[in-house]
Amino acid sequence: MVVWRSAGVSWRDGRPALRWEGRDGRASVLAYGQDLAFRALGERHCSGARGNPCPLAATVPGPATGGRCPSCARLDRAHSVAADTFADDPRPYRVYLAWFGPGMVKVGITGEARGATRLLEQGAIAFSWLGRGPLMAARRTEEVLRHALGVPDRIPYARKRAARYALPPAPERAREVEELYARAHGVPAWSETLEALPCEVHDHAEAFALAALGPTAPTAPTAPGPHTPPRTHDPYGLVVTELVDGGVVSGRLRAAAGPDLHLSDRDGRALVLDTRLLTGWELAAAPAGHPVTVPLTAPPPPAEGNGVRGSQGTPQEPLF
């Protein structure tokens, strides 16, 4: 039996791919309409830090999206650009304005060499660049604009997911980004240290295949597995809460956004798999169409307003 250890989802040339642990950077590019089926084996172990294995081979909780033990999480954070420990970094950075749904916008920075990859990783539906320049100038601009515009540093993933099912038309999405861009340009001083970039709205709805999402249709249920909740007619489907030893995830890939894979199982139920839950598990192939036998839950109802500032439990994604 061939066993792989997952490192989650990455975005390559605008397409989602499952990454596998190892220094060769191996990944399996995913195609919409493709059938996925795998079984988790054994225990979930810490994924280590900065490309190095966990020295303790520590186990981590199944529902944790970080996938690291506390020691490796601290080490990984301490050596990230987000920790501001690389003030003399000579590489150029870009400041962006990202849109995740009506009223859900944020300001952030990314390494210029990464292009739009960070926006795809976060599940941004639309975005525009604002400026480019050295790291500390970009970081200062990010903080100034967050306070001046009243936008959060992070938006909970559950809210991002809910927004994908009822998006306004592309022109409305673009208009909200353009309005935020105009407000940002009205904030004084930041353009003295960064090169301002023109407002050009990029939309990821097609790359994410979001047109395939919609209310789930009731179908005849199969025999429930040990972790299968009652049938739901919730338009947002069901969310995988964790993997378990021997548990199977199976379905047809309908859409993908950020770390989330949107699947439909053999009964036509919509499922959402946050691939951050895969890290640290050994995975083996399962038969296509196999019943889903991991814990599932209905998602929380969408909240009102903008994101929550400084939400806990979500690791900072790498800037480079």
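Residues numbered from 1 in each chain as written. Predicted model: local features only at pLDDT ≥ 70, side-chain atom pairs only at ≥ 80, totals over all residues. Heavy atoms only, no water.

1. Some remarks on the confidence of the model for the protein chain
Regions with low pLDDT carry predicted coordinates that are not meant to be interpreted in detail.
And step 1. Of the residues in the protein chain, 84% have a pLDDT of 70 or more, and the chain-wide mean is 85.
And step 2. Low pLDDT, under 50, characterises residues 216-224; the predicted model gives this stretch 18 contacts beyond four residues in sequence or across chains. (pLDDT = per-residue confidence, 0-100. Contact = heavy atoms within 4.5 Å.)

2. Some words on the packing of aromatic side chains
And step 1. In total, this model carries three aromatic pairs according to the counting rule given.
And step 2. Pairing Trp 4 with Trp 20 gives two aromatic rings, centres 5.6 Å apart and planes at 45°, and the pair type is tilted. Residue Trp 4 is located in strand β1 (residues 3-12), and its partner Trp 20 is located in strand β2 (residues 15-20); the two are separated by 16 residues in the primary sequence.
And step 3. Residue classification places Trp 4 among the partly exposed residues on the basis of a relative accessible area of 35%.
And step 4. The exposure class of Trp 20 is buried, given its relative accessible area of 14%.
And step 5. Taken together, a centroid distance of 5.1 Å and an interplanar angle of 80° make the contact between Phe 127 and Trp 129 edge-to-face.
And step 6. Relative accessible area serves as the criterion here: at 2%, Phe 127 is assigned to the buried category.
And step 7. On the basis of relative accessibility, which here comes to 12%, the residue Trp 129 falls in the buried class.
And step 8. Between the NZ or CZ atom of Arg 94 and the centre of the ring of Trp 129, over which it lies, the distance is 5.2 Å.
And step 9. The ring of Tyr 157 carries Arg 276 above its face, with NZ or CZ at 4.1 Å from the centroid. (Phe/Tyr/Trp six-rings, centres within 6.5 Å; stacked < 30°, edge-to-face > 60°. Helix = DSSP H or I, 4+ residues; strand = E, 2+ residues; numbered from the N terminus. Buried < 20%, exposed > 50% of the residue type's maximum accessible area, 1.4 Å probe, protein only. Lys NZ or Arg CZ within 6 Å of the ring centre and 35° of its normal.)

3. Some words on the side chain of Asp 265
And step 1. Tracing the chain through its elements places Asp 265 in the loop between β12 (260-264) and β13 (270-274).
And step 2. Among the polar contacts listed, one links the side chain of Asp 265 to the side chain of Arg 269, at a separation of 2.6 Å.
And step 3. If near-sequence neighbours (up to four positions away) are discounted, Asp 265 is found in contact with Ser 250, Gly 251, Leu 271 and Val 292. (Polar contact = N/O pair within 3.5 Å; in protein donor to acceptor, adjacent residues only side chain to side chain.)

4. Some thoughts on the pattern of salt bridges
And step 1. Throughout the structure, instances matching the rule amount to 19 salt bridges.
And step 2. A salt bridge links Arg 5 to Glu 282; its shortest N-O distance comes to 3.3 Å. One end of the pair, Arg 5, is in strand β1; the other, Glu 282, is in strand β14 (residues 282-285), and 277 residues separate them in sequence.
And step 3. Among the ionic pairs, Asp 265 bridges to Arg 269, the shortest N-O distance being 2.6 Å. Judged on exposure class, the residue Asp 265 and its partner Arg 269 are both buried. (Salt bridge = Lys/Arg side-chain N within 4 Å of Asp/Glu carboxyl O.)

5. Section: the nonpolar core
And step 1. Counting residues in hydrophobic clusters, the biggest one holds 59 residues, and the most contacted among them are Leu 130, Leu 145, Leu 149, Leu 243 and Leu 261.
And step 2. When sequence neighbours within four positions are dropped, the list of residues in contact with Leu 243 reads Phe 38, Ala 40, Val 249, Leu 277, Leu 278, Trp 281, Leu 283 and Val 294. (Core = buried A, V, L, I, M, F, W, Y, C linked by side-chain atoms within 4.5 Å.)

6. Topic: the pairing of strand β4 (residues 35-41)
And step 1. Along β4, five of the seven residues are buried, which leaves the element largely enclosed by surrounding structure.
And step 2. Note: β4 against strand β11 (residues 248-257), five bridges, orientation antiparallel. Bridge assignment links Asp 35 to a residue of β11, and that residue is Arg 252.
And step 3. Two strands pair when backbone bridges link them, and β4 and β14 are joined in this way by four bridges, in the antiparallel orientation. (Pairing = 2+ DSSP bridges.)

7. Points about the sheet that holds β11
And step 1. Spatially, the ten strands line up as an open sheet ordered β3-β2-β1-β14-β4-β11-β12-β13-β10-β15, and their pairing is mixed. Bordering the open sheet on either side are β3 (27-29) and β15 (296-297), each of which pairs with just one other strand.
And step 2. Where β12 and β13 come together, five bridges link them in antiparallel fashion. In the strand pairing of β13, Asp 260 is matched with Asp 274.

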